[in-house]
Each structure stands twice: as C-alpha cells, then as structure tokens.
Amino acid sequence: MTGSADRAGVSLGVGPLPHARCRSRARTRAGTHLPPRYLDGTSPEGGQLLHPAPTQRLRRLRRTPALRRSFAETELPPRSLVLPIFVAAELDGERPVPSLPGVSQHGVASAVALAEQAVELGVGGVILFGIPSRKDPAGSGGWDPEGPVPAALRAMRAAVGDRLVLWADVCQCEYTDHGHCGPVGGDGEVDNDAAVAGYVRDALAYAEAGADLVAPSGMMDGQVAAIRHGLDEARHQAVGIVAYAAKFASAFYGPFREAAGSTLVGGDRHGHQLDVGNAREAARELALDAAEGADVLMVKPALAYLDVVAAARRQHQLPIAAYHVSGEYAMVAAAHDRGWLDGPEVLEESVRSIRRAGADVVLTYAALDLARRVVT
Ligand code: PBG
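Because the structure is predicted, anything quoted here is derived from the model rather than measured.

Draft legend 1. How the structure looks around the overall build of the protein chain. A count of helices and strands for the protein chain gives 13 helices and ten strands. Taking the contacts inside the protein chain whose residues are at least 6 apart along the sequence as the reference set, 70% of them involve residues at least 24 apart.

And the structure:
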C-alpha cells in the first residue's frame, strides 16, 4: 500500500485500498473525465467518488437479440455435429437404451432411416457402433464383412450417397466376450499389438463397406500408424482416420456400455486409457497420433476436459473433434426428467461450450435435437 493510498483510506473511513484508489483517481480527474454526479462534495478534499462510472459498457452489444446475434462468437451449425448410432445385428426396428433416453439400438433399416433424418437436418455425420450377435475372445465379429457395421455402412451409402459423412468406430470391446478392447494376454492386460492387428482388420472391413472415416478408440500404442499403413496397402488411401487421441479412463462412459453391450466382465481400462488428471500426457498422445498420420484428433469425454480441447486447438492445425459422451448426455436427461433443469437448454449450452473451447466437430447423442433447435 502506498503512502497516499494510506492517507486516503484513513480520510474515507472505509475499507482501505480499493476506495482509496478510486478516490485519488477521482480527484485528479474531477471536472475533466467524470461527470459531477459521481462526486458528493462531502470529503475534506472536496469530493468523494461514490462509485466508479463504467466507461466501458459491454451491455451495449447485448441489448437486443439482433445485437447479440451480430456479435455472437461461437456458432453451432448442424454440420459440426456427429450422431452416434448403435447398430445391432438381427434387430428388427429399434430397442430403446434405458440409460440414454431418446437413444436406441437400431436394426439396419432403422439405422438408415436415422441417417436420412440426419441428412435432412444438415447434420455433418454419423458414427457407427456395432452390437454383434455373438462374441469371442478375439473380437473377430468386428471385421466380419456381414457384421452390423459393414451392413449398415453399405445400406446407408446406398441411401444417402455422399450427403453424409460416415464414420465407423474401431474397437474390439463390443466384440470380445470379456468386453476388453482386444485380446487379453497371459498377464491379464490387453495385448497391445494383437489388438492393433485386429483394429487394422476392422478398419479394412469398414473401408470396404464404404466408411469415409475410421475412428480407432482403443487407445493402443501405434494404432493410428498401423491402420494408416493397412488402409494404404489395400488402396484405401482416401479413407481418413479420426484418432481418439486423448481418451481418458472416464466413468462418464457408463451408459455407453449398456447401449453397446460392452460391459467389462472383469478389470478396467486404466492400463490403456489416460489418467483423468494427466493433461501433459494427453498432449503427448495428441502429438503422437498427429505424427502417425491422423486426419482428425479427438478428445474424449468433452465437458470435463475442455482444457485439453483448448490446448489441442492451440497446438495443432488438424481438425479437433470432441466426444460429448453418454454420461454427459444421460446426466442431463435424468435431471430433465425430474424437472430439475431444462434439458434441451443445458445440452445446447454444453455443446456450444465444447465448440467455444475449440472443437470443430462434436459427437453427441443430442445431434438431431440440436440440429432441429439451434439456428446458428
Ligand atoms: C470404445 C468406446 C467407448 C466409447 C466410445 N468408444 C467406451 C469405452 O471406451 O469404454 C464411449 C462413448 C460414450 O460413452 O458415449 N469402443
């Protein structure tokens, strides 16, 4: 505290520093910058600033809807949204997922109808997850050309042509009988390189079936480079890779595991997914996947990891995707059901915030509803 501020504080007889600062500024500026109504003339020095006049009034640009629209910083166009779709083998029609209100597992025809709705609403893309009719320790259903994802990809491509970007998630967790992301080795851990070999086979099956983008989500080391190599060898150079690069070992995936039927029989995913607190390690994962040839980098989950999204945006030129995951959606849906908050408003706020943090593309179960509701 300076000497003059001290004296001013004493003469005002109120809390010292902030008032003192205001007062001494008022004295030097009195009669020049501040209009007299801010001075009450009661202090011995001949004028006391009651409260500072805001010279910067940010409310000017918020006054009317037109002004707010003119100066809005973050748009939420439907093209920036990607809808996850669960395709179940041998399902006729759809089967609602209890933990994700508004979300269902779909048979191929019903999945195609959903893709057509996405096109009508201008949604950017869909990402497919498969629920096979049978599972084994290796997850071989993942690369079955007659499996649910290849079947849905072919049918969607025939129905919507190139008007929608078709993404296929690549992981073994829906296809293994133990629910792990690849075959489990003698030590009880997922065998990294065996899992990656499976992912390459999955990616090839999805590329053959017409996927624009394959999205490896298993967090195995070297998966992006191996898939890139495998696709190029098979002349699928045009198929892109969205790397789930910074994927955290999150409890927010709970409802997904019910939706995709991928609940772990034992163990957890901490041996390969990122530790929740590790932002620097996330940066390394992002950099590595970029170097391995990813076309898009993904951060997942989204809301609790906006710092990671923002850092990814600053550090990379590649497009950034963020996955607003099942638990993030389910919490809002559950609270909305109880009348505790306005679900659609909260979902829009959530996804717009993910965009503000730097995501170009957001994967969300609310994609269709948002596309219906949000104008920009
Ligand atoms: C793995 C995968 C998961 C999700 C997407 N891909 C689950 C997991 O890693 O356990 C979660 C998505 C969500 O919660 O919405 N194939």
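Past the structure itself, the notes keep going.
Draft legend 2. Summary view of helix H5 (residues 148-160). If you check H5, its first and last C-alpha atoms are 18 Å apart, about what 13 residues at 1.5 Å a residue would give, namely 18 Å. Restricting attention to buried positions, one finds in H5 the residues Pro148, Val149, Pro150, Ala152, Leu153 and Met156. Buried residues along H5 sit in contact with strand E1 (81-88), helix H4 (108-120), strand E4 (125-131), strand E5 (165-170) and helix H6 (192-208).

Draft legend 3. View of the packing of H4 against H5. Interaxial distance between H4 and H5 falls to 9 Å at its minimum, and their mutual angle equals 40 degrees. Looking at the two axes, H4 sits oblique to H5. H4 and H5 meet at a crossing whose hand is right-handed. Mapping the contact onto sequence places Val108, Ala111, Val112, Ala115, Glu116 and Val119 in H4 and Ala151, Ala152, Ala155, Met156, Ala159 and Val160 in H5. For the contact of H4 with H5, the residue count by class is eleven nonpolar, no polar and one charged.

Draft legend 4. The confidence of the model for the protein chain, seen in detail. Averaged over every residue, the pLDDT of the protein chain is 89; the share at 70 or more is 87%. Note that pLDDT drops below 50 for residues 1-31; the model gives that stretch 35 contacts with residues more than four away or on any other chain.

Draft legend 5. Quick look at helix H10 (residues 306-315). Those residues of H10 not exposed but buried are Val308, Val309, Ala311 and Ala312. Viewed end-on, H10 has its buried residues packed into an arc of 165 degrees, placing them on one side of the element. More than 90 degrees from the buried face of H10, the exposed residues found are Asp307 and Arg314. Buried positions along H10 lie against strand E7 (240-247), helix H9 (279-291), strand E8 (296-300), strand E9 (320-324) and helix H12 (343-357).

Draft legend 6. Seen up close, the packing of H9 against H10. Axis separation between H9 and H10 bottoms out at 10 Å; the angle between their running directions is 40 degrees. When the axis of H9 is compared with that of H10, the two are oblique. Handedness of the crossing formed by H9 with H10: right-handed. Along the contact surface, H9 presents Ala279, Ala282, Ala283 and Leu286, while H10 presents Asp307, Val308, Ala311, Ala312 and Gln315. Considered class by class, the residues forming the contact of H9 with H10 number seven nonpolar, one polar and one charged.

Draft legend 7. Unusual backbone geometry, seen in detail. Pro301 follows Lys300 through a cis peptide bond whose omega is -10 degrees. In this model, Glu90 sits at a positive phi of 60 degrees, which is unusual for a non-glycine residue. Residue placement: Glu90 occurs in the loop between E1 and strand E2 (94-96). Residue class for Glu90 comes out exposed when judged on the 10 C-beta atoms lying within 10 Å of it. A positive phi angle is found at Arg235, which is not glycine, with a value near 60 degrees. For Arg235, the location among the structural elements is in the loop between helix H7 (223-233) and E7.

Draft legend 8. Fine view of the environment of Ala334. If you trace the backbone, Ala334 turns up in helix H11 (residues 326-337). Separated by 234 residues in sequence, Ala334 and Leu100 have C-alpha atoms that sit 8.8 Å apart.

Draft legend 9. Main features of the pairing of E5. Summarising burial for E5: five of the six residues are buried, a large majority. The sheet contact formed by E4 and E5 spans four bridges and is parallel. If you follow Leu128 over to E5, its bridge partner there is Ala168. The parallel pair E4 and E5 is bridged by H5, and the resulting crossover is right-handed. By the bridge criterion, four bridges tie E5 to strand E6 (residues 213-216) in an arrangement that is parallel. Note on E6: the bridge partner recorded for Trp167 is Leu213.

The rules we used
- Residues numbered from 1 in each chain as written.
- Predicted model: local features only at pLDDT ≥ 70, side-chain atom pairs only at ≥ 80, totals over all residues.
- Helix = DSSP H or I, 4+ residues; strand = E, 2+ residues; numbered from the N terminus.
- Contact = placed C-beta atoms within 7 Å.
- Expected span 1.5 Å × (residues − 1).
- Buried ≥ 20, exposed ≤ 12 C-beta atoms within 10 Å, placed from the backbone.
- Axes fitted to C-alpha atoms, helices over the stretch in contact; angles between N-to-C directions.
- Parallel < 35°, antiparallel > 145°, perpendicular 65-115°, else oblique.
- Left-handed = near helix turned anticlockwise from the far one by under 90°.
- Nonpolar A, V, L, I, M, F, W, Y, C, P; charged D, E, K, R; others polar.
- pLDDT = per-residue confidence, 0-100.
- Arc of directions from axis to C-beta.
- Pairing = 2+ DSSP bridges.
- Right-handed = clockwise from strand over helix to strand, strands pointing away.

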